[in-house]
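If you want the building blocks of each chain, they are given just below.
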Amino acid sequence: MNIGLIGLPKAGKTTIFNALTGQTAETAEYDTGKVEPNVGVVPVADERVEKLSALYNPKKTIHATVEFIDFVGAHQGAAKGGLFSGEGMALIKTADALAIVLRNFRNPTIEGLYGLPKPLQDLETILDELILADQVVSERRLERIRQDHQRGKKTPQTLAEEKVMERIVEALGAGIPIRSLELSSEDLKLISGYKFLTAKSLLVLLNSDENQYGKDPNLLQGLKEKASGAGKDNPRHAHPPVIEFAGKFEMELAQLDPSEREAFMADMGIQESARSRLTRAAYEALGYISFFTVGEDEVRAWTLRKGETALEAAGTIHSDLARGFIRAECFTVKDLLELGSEKAVKDKGLFRLEGKEYIVQDGDILHIRFSV
Ligand SMILES: Nc1nc2c(ncn2[C@@H]2O[C@H](COP(=O)(O)OP(=O)(O)OP(=O)(O)O)[C@@H](O)[C@H]2O)c(=O)[nH]1
Ligand SMILES: [Mg+2]
């Protein structure tokens, strides 16, 4: 699972990336000319993992992780096709989800180049640009399909694709992102190759000055409304979460060594670093869930999307497990922790056997039976 940090130049994307990953990628007030993104992996805070680990005492304990990709400001390397078309932007398509970073701190050098902070307007700019990028791709594709049809190259597949593309082109034209359309799983399959940006889950990060943090609820509300955008009256419409983050402060916190950090947090009365708060919030907001595998060797949390099946869970662990899938033995962390042992869970009849199609739930412990 990976989340791409995107935004206008100097919004603080790399600063937030450092805060999340504990890395020390270069941040700068001026344009450094760098185009390759930074990549880092962050464990998802989840106390269930520690509790399971205490129970099984395994050799290895592994948290679920989220990968963050820090892209350069959208101006750099941007070509005629819009902010998200340049060289540095091609990789954005590979992200599972996008987090838009908005500048909400004072800095004279940056203001000299890009003006005062204007997070609402910046959000609008980015949302428009994401729609524009998808319009270019979908309109071109629709035109192509229609040309083929005129030449007699018509298959059930291209006919179905034409229908979806027509819906997409129409929605985007009305400012509605693809994620807000009700598309069947067949439709989604037909368009998955295009990696549309407005089909990705979205998160908005307001990067605020430490001393302004939490002081402007109206701004947060305004951003929420804007992020919901056109079509927000449609009950199916997606409402991307908006999270405030004091980027620079959190980056400095993440770069302290752990004992210093704890002392500092205790001093400031901070219970949980924004890093773990944000990672977890992002994880939930993006519709990710965790399932677990347990044993004496390893206790491990794994990531799935809500609605994914036992077969997909098996494939996440190893392709062999999916290929040779027989059944999933399943019980829940909650039952296990309440009852204290696997045996007690079994005795209570809370141990289940599930098939391929079973929809995995957050907190399931799975053991996949397979043969290859
Ligand atoms: N005061 C304050 N300064 C910040 C904050 N976040 C970033 N900055 C400063 O803003 C400048 C730009 O930050 P970066 O993290 O490099 O911004 P960026 O979005 O990665 O920039 P590009 O990748 O060049 O588009 C740096 O000098 C940071 O120190 C913040 O939360 N508060
Ligand atoms: Mg940067």
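Fair warning: this is a prediction, and the values are worked out from it, not measured in the lab.

### Points about the domain arrangement of the chain
You can read the domains of the chain as domain 1 (2-285) and domain 2 (307-370). Summarising the inter-unit geometry, the C-alpha centres of domain 1 and domain 2 are found 32 Å apart.

### Topic: the environment of Asp46
Assignment of secondary structure puts Asp46 in the loop between β2 (38-43) and α2 (47-56). With near-sequence residues (within four places) excluded, Asp46 lies in contact with His63, Ala64, Ser290 and Ala301.

### A few points about unusual backbone geometry
Backbone geometry places Lys10, a non-glycine residue, at a positive phi of 65°. With a phi angle near 50°, Asn57 is a residue other than glycine that sits in the positive phi range. With respect to the helices and strands, the residue Asn57 is situated in the loop between α2 and β3 (60-62). A count of 9 C-beta atoms within 10 Å places Asn57 in the exposed class.

### Describing the environment of Lys60
Within the secondary structure, Lys60 sits in strand β3. The exposure class of Lys60 is exposed, given the 10 C-beta atoms found within 10 Å. Considering only alpha carbons, one finds Lys60 and Phe249, 189 residues apart in sequence, at a separation of 32 Å.

### Some thoughts on the packing of helix α4 (residues 119-150) against helix α5 (residues 156-173)
Relative to each other, α4 and α5 sit at 145°, their axes nearing to 9 Å. As α4 runs across α5, the sense of the crossing is left-handed. Of the residues in α5, those touching α4 at Ile131, Asp134, Gln135, Ser138, Glu139, Arg141, Leu142, Ile145, Asp148 and His149 are Thr158, Glu161, Glu162, Met165, Glu166, Ile168, Val169 and Leu172. When its residues are assigned to classes, the contact of α4 with α5 shows 7 nonpolar, 4 polar and 7 charged.

### What to know about helix α7 (residues 217-228)
The end-to-end C-alpha distance of α7, which contains 12 residues, comes to 17 Å, matching closely the 16 Å that a straight helix rising 1.5 Å per residue would cover. Following α7 by one or two positions, Gly229 adopts a phi angle in the positive range, close to 65°.

### Examining helix α8 (residues 247-254)
Of the residues making up α8, those classed as buried are Gly247, Lys248, Glu250, Met251 and Leu253. Of the surrounding elements, those touching the buried residues of α8 are α1 (13-21), β6 (201-208), β7 (242-245), α9 (258-268) and α10 (274-285).

### A look at the pairing of strand β10 (residues 325-332)
In terms of strand pairing, β10 meets strand β12 (residues 364-370) through 7 bridges, oriented antiparallel. Looking at the pairing, Arg327 lines up with Arg369 of β12.

### Some thoughts on the sheet that holds strand β4 (residues 65-70)
Pairing in this open sheet of 6 strands is mixed, and the strands run β2-β4-β1-β5-β6-β7 from one edge to the other. A single partner strand is all that each edge strand has here, and the edge strands are β2 and β7. Looking at each pair of strands side by side, their axes are set apart by 25° on average, direction ignored. Note: strand β1 (residues 2-7) against strand β5 (residues 97-104), 5 bridges, orientation parallel. Bridged to Gly7 within β5 is Val101.

### Overview of the packing of α4 against α7
It is at 10 Å that the axes of α4 and α7 come closest, and there the two elements cross at 15°. By the angle between their axes, α4 is roughly parallel relative to α7. The two elements α4 and α7 cross, and the hand of that crossing is right-handed. For the pair α4 and α7, contact is made by Pro119, Leu120, Leu123 and Glu124 and by Leu219, Gly222, Leu223, Lys226 and Ala227, respectively. Residue composition of the contact of α4 with α7, by class: 6 nonpolar, 1 polar and 2 charged.

Parameters at a glance
- Residues numbered from 1 in each chain as written.
- Chains lettered and ligands numbered in written order.
- Predicted model: local features only at pLDDT ≥ 70, side-chain atom pairs only at ≥ 80, totals over all residues.
- Domains from an automatic or database assignment.
- Helix = DSSP H or I, 4+ residues; strand = E, 2+ residues; numbered from the N terminus.
- Contact = placed C-beta atoms within 7 Å.
- Buried ≥ 20, exposed ≤ 12 C-beta atoms within 10 Å, placed from the backbone.
- Axes fitted to C-alpha atoms, helices over the stretch in contact; angles between N-to-C directions.
- Left-handed = near helix turned anticlockwise from the far one by under 90°.
- Nonpolar A, V, L, I, M, F, W, Y, C, P; charged D, E, K, R; others polar.
- Expected span 1.5 Å × (residues − 1).
- Pairing = 2+ DSSP bridges.
- Parallel < 35°, antiparallel > 145°, perpendicular 65-115°, else oblique.

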